[in-house]
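# Architecture at a glance
Okay, here's what each chain looks like letter by letter:
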Amino acid sequence: MQIKNKNIKKIIERVVKKDPLEKEFHQAIGEVLCSLEPLLEKCPEYEDFAVLERIIEPERTVIFRVSWMDDKGKVHVNRGMRIEFNSAIGPYKGGLRFHPSVNVGIMKFLGFEQIFKNSLTGLPIGSGKGGSDFDPKGKSDTEVMRFCQSFMTELQRHIGPNTDIPAGDIGVGPREIGYMYGQYRRLRNDFTGVLTGKGLSYGGLLARKEATGFGLIYFVREILKDKKDTFEGKTVTVSGSGNVAIYAAQKAIELGGKVVAMSDSDGCVFDSKGIDIETVKKIKEVERKRIKEYTKSHLGSKYYENCKGIWTIKTDIALPCATQNELDEKAAKTLIENGCRLVAEGANMPCTPEAIELFQKNSVLFGPAKAGNAGGVAISTIEMAQNNSHYPWTFEEVDTKLQEIMTNIYKNIKKASLDYGFENNLVAGANIAGFVKVADAMLAQGVSH
Ligand code: NDP
Ligand code: 2IT
């Protein structure tokens, strides 16, 4: 998208000059800021009080050493970090990612996106993101435990149930959350809801595990409903086979879709009969093995040694649920040529700007991550409410709340897109609707923060 507003151009240029290596962060702010042009014309106070300059600068960044010992007694050192990005509308809230690619630029892009996503949920949560370049893959349980304990030994000084409430993300699931929670409780002598995504026996919420994936499908259901359509009989491809992908695939199947392909970072499986999601759960959640294993128990299914191959499979609906920039212009072109009609982002920023532009130009319905995957953090906030009230919610209550939240998000971003002249552009609608609440809170609270 062309940027006309000179102030926005200058702000982006300054960020690129200051931190030239943070490419994902530049991508994320570029997309948000250029959606805001018509809003800034209507509300000049955002520029007068430098809300844009303030909102792109994290409130606080903590970077720390995490040393831990492997099973053979060898000492390793990783880097941990937590970016407390914006607390104008609530305590810092957002996931922790353990993946070798983690660096400040990736954490900043995720923390920045989280500001608007959390605002869209309608709940009182600010934004934070953190993690480490530690790779849990191939490590024993005891190694993961020692790493998590060391990580939390430092992180615990910076977080708290009313300050900063981390959760999971790539490489951080129930096992890691459990080890981190245990260490927090031990060190602080305090049983509080300081992490979300906890196990059900120690404060976790029913349906948090399912929430991001289910939420994405409820969101897509709204997009389809607007076109008088449903999931019934649609072919669906879902990249990834982690927390988000598994529960997105499960709900798509429950609503009548046929999921024909899933992937991991090594490759993808195609099953023309429809993916058996229980097998994927067993391979990924229980055995912690590779998606390739699927073909052993499902004769007739095929494995391709390249995760990007998933975008060459003919599908009505494509749901990228693995990682950032996994779906590029070339993949978008192939999807369009193969008749794909709807793309919705389960992962954070999985589509490149060029891919999104192609989808929009070719009238492929497009649901952005900030809205589509907001169900996870929204339901984390219900977990916080459950912990504070000491009163448990049922699965059905949480699922009903999730559906209500996802429907509202869709309605609000669609309305914002129409109000600001961005018809058929839910990306701009999400950016504007998410921004306004946070920007107004920042204005109301004065310029010192
Ligand atoms: P998981 O760790 O559970 O799963 C990640 C999946 O993505 C795995 O299948 C993994 O494959 C694949 N993957 C990771 N990195 C790459 C890569 N570089 N290239 C190809 N595939 C890759 O994470 P989640 O499911 O929790 O997260 C997936 C996405 O959803 C992320 O973008 C995350 O930020 C986002 N998200 C997560 C939420 C949550 O509640 N968990 C909420 C909102 C968004 P492999 O095992 O081979 O690494
Ligand atoms: O990207 C995300 O929204 C998450 N990883 C979930 C954050 C949360 O606090 O539940």
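Preceding this section is the structure that the text describes.
Here's what I pulled together on the structure shown here. (Residues numbered from 1 in each chain as written. Chains lettered and ligands numbered in written order. Predicted model: local features only at pLDDT ≥ 70, side-chain atom pairs only at ≥ 80, totals over all residues. Heavy atoms only, no water.)

### Structural notes on the pairing of strand β6 (residues 235-239)
- Where burial is concerned, most of β6 is hidden: four out of the five residues are buried.
- Judged from the three bridges that link them, β6 and strand β7 (residues 258-263) form a sheet pairing that is parallel. When the sheet's bridge partners are listed, Thr235 is paired in β7 with Lys258.
- Viewed along the sheet, the connection from β6 through helix α10 (residues 243-254) into β7 turns out right-handed.
- As paired strands, β6 and strand β10 (residues 317-320) are joined by four bridges and run parallel to one another. When the sheet's bridge partners are listed, Ser239 is paired in β10 with Pro320. (Buried < 20%, exposed > 50% of the residue type's maximum accessible area, 1.4 Å probe, protein only. Helix = DSSP H or I, 4+ residues; strand = E, 2+ residues; numbered from the N terminus. Pairing = 2+ DSSP bridges. Right-handed = clockwise from strand over helix to strand, strands pointing away.)

### Quick notes on the site of ligand 1
- In the vicinity of ligand 1, 25 residues are found, and the nearest of them are Asp169, Thr212, Ser265, Arg290 and Asn348.
- Within the backbone of Gly171, a nitrogen or oxygen atom sits 2.9 Å from an oxygen atom of ligand 1.
- Residue Ser241 places a main-chain N or O atom 2.9 Å away from an oxygen atom belonging to ligand 1.
- With the chains in place, 84% of the 880 Å² that ligand 1 exposes on its own is no longer accessible.
- Looking at the shell around ligand 1, the elements with two or more residues in it are α9 (208-226) and α10.
- In terms of residue class, the shell around ligand 1 is built from five nonpolar, 13 polar and seven charged. (Near = heavy atom within 4 Å. Polar contact = N/O pair within 3.5 Å; in protein donor to acceptor, adjacent residues only side chain to side chain. Areas by Shrake-Rupley, 256 points an atom, 1.4 Å probe, with all protein chains shown as cover. Nonpolar A, V, L, I, M, F, W, Y, C, P; charged D, E, K, R; others polar.)

### Here we look at the site of ligand 2
- Around ligand 2 lies a shell of 14 residues, among which Lys93, Gln114, Lys117, Asp169 and Ser380 are the nearest.
- Gln114 has a polar side-chain atom sitting 3.0 Å from an oxygen atom of ligand 2.
- When isolated, ligand 2 has an accessible area of 290 Å², and the protein chains bury 94% of it.
- Listing elements by their share of the shell around ligand 2, those giving two or more residues are β3 (92-98), α6 (104-120) and α16 (374-389).

### Focus: α16
- In a regular helix each residue adds 1.5 Å, so 16 residues correspond to 22 Å; α16 covers 23 Å between its end C-alpha atoms and thus fits that length.
- Judged by how many residues are buried, α16 sits mostly within the fold: 13 of 16 residues are covered.
- Count one or two residues on from α16 and you reach His390, which has phi positive near 60 degrees. (Expected span 1.5 Å × (residues − 1).)

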